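The residues making up each chain are set out below.
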Amino acid sequence: MDILVVGGGIGGLTLALHLKASGLSCRIHVSEAVSEFKPLGVGINMLPHAMRELSQLGLATALRKVGVEPREFAYFTHHGQFILSEPCGLNAGYDWPHFSIHRGDLHKVLYDAFVERIGPSSLTFGERCIGFEQDGGSVSAQFVDGNGRSLPSRRADILIACDGIHSAVRKQLYPLEGEPVFHGINMWRGVTRAKPFLTGASITRIGGLFTTGKLLFYPIRNNIDGDGNQLINWVVEFFSDKYEPADWSRLGDVNEVLAHFESWRFDWFDPPTIMRNADFVLTYPMVDRDPIAQWTFDRVTLLGDAAHPMYPRGGNGGAQSILDAAALTRHLVKAASPLEALRAYEAERLAPTRAIVLQNRTAPPDLIIDTVEQRANKQKFDRLEDVISREELMAISQNYQQVAGWDRASLKAKTV
Ligand SMILES: Cc1cc2nc3c(=O)[nH]c(=O)nc-3n(C[C@H](O)[C@H](O)[C@H](O)COP(=O)(O)OP(=O)(O)OC[C@H]3O[C@@H](n4cnc5c(N)ncnc54)[C@H](O)[C@@H]3O)c2cc1C
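About the thresholds
- In this numbering scheme, every chain counts its residues from 1 along its sequence in written order.
- Given that this is a predicted model, residues contribute local features only at a pLDDT of at least 70 and side-chain atom pairs are listed and counted only at 80 or more, while totals for whole chains, interfaces and linings are drawn from all residues.
- Only heavy atoms go into the side-chain values, all of them from the structure, while hydrogens and water stay out.
- Helix and strand definitions follow DSSP, with helices as H or I runs of at least four residues and strands as E runs of at least two, each counted in order from the N terminus.
- Atoms considered for the radius of gyration are the C-alpha atoms alone. The globule rule reads 2.2 Å times the number of residues to the power 0.38.
- Throughout, exposure labels follow a simple rule: accessible area from a 1.4 Å probe, protein chains only, divided by the maximum for the residue type, with under 20% read as buried, over 50% as exposed, and the rest as partly exposed.
- Any pair of residues with heavy atoms lying within 4.5 Å of one another is described as a contacting pair.
- Each accessible area value is a Shrake-Rupley result obtained with a 1.4 Å probe; residue values ignore everything except the protein chains displayed when judging cover.
- Within this scheme the basic residues Lys and Arg register as positive and the acidic residues Asp and Glu register as negative, but His and the chain ends are omitted.
- A charge is said to be at NZ when it belongs to Lys, at CZ for Arg, at CG for Asp and at CD for Glu.
- Note on definitions: the grid is 1 Å and covers protein atoms alone; a cavity is a set of points where a 1.4 Å probe fits but cannot get out; a pocket is an open set with protein on both sides within 12 Å along at least five of seven lines; lining residues have an atom within 4 Å of a point.
- Grid points are joined across faces, edges and corners, and a volume is the space filled by probe spheres set on the points.
- Throughout this entry, Asp, Glu, Lys and Arg are counted as charged residues, while Ala, Val, Leu, Ile, Met, Phe, Trp, Tyr, Cys and Pro are counted as nonpolar. The remaining residues, Gly among them, count as polar.
- Strands are labelled as partners when DSSP assigns at least two bridges between them.
- Take the buried residues of types Ala, Val, Leu, Ile, Met, Phe, Trp, Tyr and Cys, join any two whose side-chain atoms come within 4.5 Å, and each joined set is a nonpolar core.
- Given a helix with a known number of residues, its expected span is that number minus one, times 1.5 Å.
- Pairing of aromatic rings covers Phe, Tyr and Trp, the last counted by its six-membered ring, and requires centre-to-centre distances within 6.5 Å; plane angles under 30 degrees mean stacked, over 60 mean edge-to-face, and any other angle means tilted.
- Convention adopted: a line fitted to C-alpha atoms gives each axis, helices being fitted over their contacting stretch, and angles between N-to-C directions are expressed from 0 to 180 degrees.
- Two N or O atoms count as a polar contact when they lie within 3.5 Å, although within protein this holds only if one can serve as hydrogen donor and the other as acceptor, and sequence-adjacent residues are included solely when both atoms are side-chain atoms.
- Here a residue is considered near a molecule or strand provided that any single heavy atom belonging to it is located within 4 Å of it.

Remarks on the overall build of the chain
In step 1: Each helix and strand counted, the chain has twelve helices and 17 strands in total.
In step 2: For 416 residues, the compact-globule estimate of 2.2 N^0.38 gives 22 Å, and the C-alpha radius of gyration of the chain, at 21 Å, lies within 12% of that figure.
In step 3: If you line up the chain on its principal axes, its C-alpha atoms span 70 × 45 × 45 Å.
In step 4: By residue count, 57% of the 416 residues in the chain fall in the buried class.
In step 5: Intrachain contacts of the chain at a sequence separation of at least 6 include 74% that bridge at least 24 residues.
In step 6: For the chain, the accessible surface area stands at approximately 16,900 Å², while carbon and sulfur atoms represent 50% of it.
In step 7: In the chain, which carries 43 positive and 48 negative side-chain charges, the distance between the mean positions of the two groups comes to 3 Å.

Here it is, written out as structure tokens:
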């Protein structure tokens, strides 16, 4: 069987690695639009549900070398008052670790494994898919190079579109869909070299988006200079109407929002200084797309952001593409035909990812902070227990974990 994977991002490369590991008799080709992979982006979290799959691919050791294993999720109000610390990864009793990692480092680990296990000639750079045609027997995809010149088309038995949030394949299937949906929230993201804070491995959320604006900080590389400094990833989420089309590499200016956070300085951490000292700042609108009812169209299906672009919150954008890749491979191995496998994959994955898209819009993990800020009228409190009980905080957290599929109980019980 010939499998054409369009897009060599996190989902496309993981799919190729799963297909290879499964022993399925197939030829895999990945067509990637960019002319080379660069260490683009900033931080991303690989939680135990994603690490379960990446560990099965034997990648945990390589990821541990380049990432940081966080010990806790820590939640604070915008006054810097402590709300909750929840252990994470192995520290929380999961069977799989959790890594906070530079997206470029994660992508490199996947690409190095691809080159070693499948071979560099199975991925072509500079091949941007612009459409496809299919008939009873095969699917054929059309491509252009970086200058828009036509390239030879590629024919395969199935085509898996892993071409991200601006998927050309999805555009052909849903021509009237338009641009990703913007709801008036922007993100500024950066990395800063700084000394460890809190445990040195804390995923730290400060303030709630809906009440005060939100900050997120976590280390993604340890001891980067022999002097104990870490690379700290940070994100500002803030309501602002300015809309620029989603581009993961767009440079931004944190001064647009810094004044709002100037007073958020605490005896345990100084967010404005961290943001001001960034190596670089990227800006990205908080966009997603409304869930669709169908990903699979005969020999073609969508995977990852092409299928279910979601707000990059709660460690799910990358993770869900990895779960898609594992599920699709499983169905290709056991189904009577590739077309049946693509349908079974959609049947398994569409509903859970739809739920996460919707949950990430309204009730991401930082709902914990918004709830406290709301009840305390954004004022300092004397005793947290007068505002909210630990049980209620844990219930909000558990609810998100269950929707996202990384609560410990269901992950332990998972058999496939
Ligand atoms: C450059 C870049 C930087 C990112 N940085 C971050 C980050 O810092 N933090 C974070 O949480 N998420 C980041 N993301 C998004 C994150 O990788 C995805 O949300 C998530 O991993 C889902 O993976 P995916 O494979 O579906 O999509 P992606 O990882 O976005 O991969 C899509 C791939 O398809 C390729 N492609 C696009 N169109 C075509 C086409 N027509 N033909 C062929 N190939 C095509 C792209 O070049 C890319 O390699 C970034 C994505 C990109 C592309």
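Notes on the layout of surface pockets
In step 1: The space that makes up the second largest pocket amounts to roughly 250 Å³.
In step 2: Forming the walls of the second largest pocket are 17 residues, and the residues nearest its centre are Leu 323, Arg 349, Pro 352, Gly 405 and Lys 414.
In step 3: Mapped onto the lining of the second largest pocket, the elements with two or more residues apiece are helix 2 (48-56), helix 8 (317-334), helix 9 (338-362), helix 11 (390-404) and helix 12 (408-413).
In step 4: Ranked by residues supplied to the lining of the second largest pocket, first place goes to helix 8 with five residues.
In step 5: The residue inventory of the lining of the second largest pocket, partitioned by class, reads eight nonpolar, four polar and five charged.

A word on the pairing of strand 15 (residues 230-239)
In step 1: When you tally the buried positions in strand 15, you get nine out of ten residues, the bulk of the element.
In step 2: Bridge count for strand 12 (residues 181-194) against strand 15 is ten bridges, and the pairing is antiparallel. Residue pairing across strands places Arg 189 opposite Val 235, the latter belonging to strand 15.
In step 3: Relative to strand 15, strand 14 (residues 214-221) is paired through seven bridges, and the arrangement is antiparallel. Note that in strand 15 the partner of Leu 216 across the bridge is Val 235.

So, the nonpolar core
In step 1: In this structure, Leu 54 and Leu 159 are the most contacted members of the largest nonpolar core, which totals 108 residues.
In step 2: Non-local contacts of Leu 54, meaning those with residues more than four positions away in its chain, are made with Thr 14, Met 46, Leu 59, Ala 60, Leu 63, Leu 106, Leu 110 and Ile 322.
In step 3: Core analysis: the next-biggest nonpolar cluster, separate from the first, contains 23 residues, Val 236, Phe 238, Trp 268 and Val 281 among them.

Quick look at helix 4 (residues 103-117)
In step 1: With 15 residues, helix 4 should cover 21 Å at 1.5 Å per step; its first-to-last C-alpha distance of 21 Å lies within 8% of that length.
In step 2: Regarding helix 4, the residues found buried are Gly 104, Asp 105, Leu 106, His 107, Val 109, Leu 110, Tyr 111, Ala 113 and Phe 114.

Comments concerning the packing of aromatic side chains
In step 1: Counting across every chain of the model gives 18 aromatic pairs.
In step 2: With a centroid separation of 6.3 Å and 15 degrees between ring planes, the pair formed by Tyr 111 and Phe 114 is classed as stacked. In this pair, Tyr 111 and Phe 114 are both assigned in helix 4, three residues apart and thus about one turn of the helix distant. Side by side, Tyr 111 and Phe 114 carry an identical accessibility label, which is buried.
In step 3: Look at Phe 210 and Phe 239: their rings are 6.0 Å apart centre to centre, the planes differ by 50 degrees, and that puts the pair in the tilted class. One end of the pair, Phe 210, is in the loop between strand 13 (202-206) and strand 14; the other, Phe 239, is in strand 15, with 29 residues separating them in the sequence.
In step 4: Grouping aromatic residues by their ring pairs yields a cluster made of Phe 76, Phe 82, Phe 197, Phe 217, Phe 266, Trp 268 and Phe 269.

Thoughts on the sheet that holds strand 12
In step 1: Spatial strand order, 5-4-13-14-15-12-16: seven strands in an open sheet with mixed pairing. Edge positions in the open sheet fall to strand 5 (82-87) and strand 16 (280-288), since each of these has one partner strand only. Strand-to-strand twist across the sheet, computed as the mean angle between neighbouring axes with direction ignored, equals 20 degrees.

Notes on the side chain of Asn 233
In step 1: With respect to the helices, strands and loops of the structure, Asn 233 is situated in strand 15.
In step 2: With relative accessibility at 0%, the residue Asn 233 sits in the buried group.
In step 3: At a separation of 2.7 Å, a polar atom in the side chain of Asn 233 contacts the main-chain amide nitrogen of Gly 43.
In step 4: Excluding anything up to four places from it in sequence, Asn 233 contacts Val 42, Gly 43, Gly 190, Val 191, Leu 216, Phe 217, Tyr 218 and Ile 220.

Quick look at the sheet that holds strand 11 (residues 158-161)
In step 1: With parallel pairing, five strands are arranged side by side in an open sheet as 7-2-1-11-17. Each edge of the open sheet is held by one strand with a lone partner, namely strand 7 (123-124) and strand 17 (300-302).

Remarks on unusual backbone geometry
Excluding glycine, most residues fall at negative phi; most peptide bonds, likewise, are trans.
In step 1: The phi angle at Leu 198 is positive, at roughly 45 degrees, despite the residue not being glycine.
In step 2: One can find Leu 198 in the loop between strand 12 and strand 13.
In step 3: We note that Asn 377 has phi near 50 degrees; this positive angle belongs to a residue other than glycine.
In step 4: Of note, Asn 377 is situated in the loop between helix 10 (367-375) and helix 11.

Examining the site of the ligand
In step 1: Inspection of the region around the ligand gives 30 residues, with Gly 11, Glu 32, Val 42, Arg 189 and Asp 305 positioned closest.
In step 2: One nitrogen or oxygen atom from the main chain of Gly 43 is found 3.1 Å from a nitrogen atom belonging to the ligand.
In step 3: The contact in question runs from an oxygen atom of the ligand to an N or O atom on the backbone of Cys 162, over 3.5 Å.
In step 4: Here the ligand, which alone exposes 910 Å², has 89% of that area covered by the protein.
In step 5: Only helix 1 (10-22), strand 3 (43-46), strand 8 (128-134) and helix 8 provide two or more residues apiece to the shell around the ligand.

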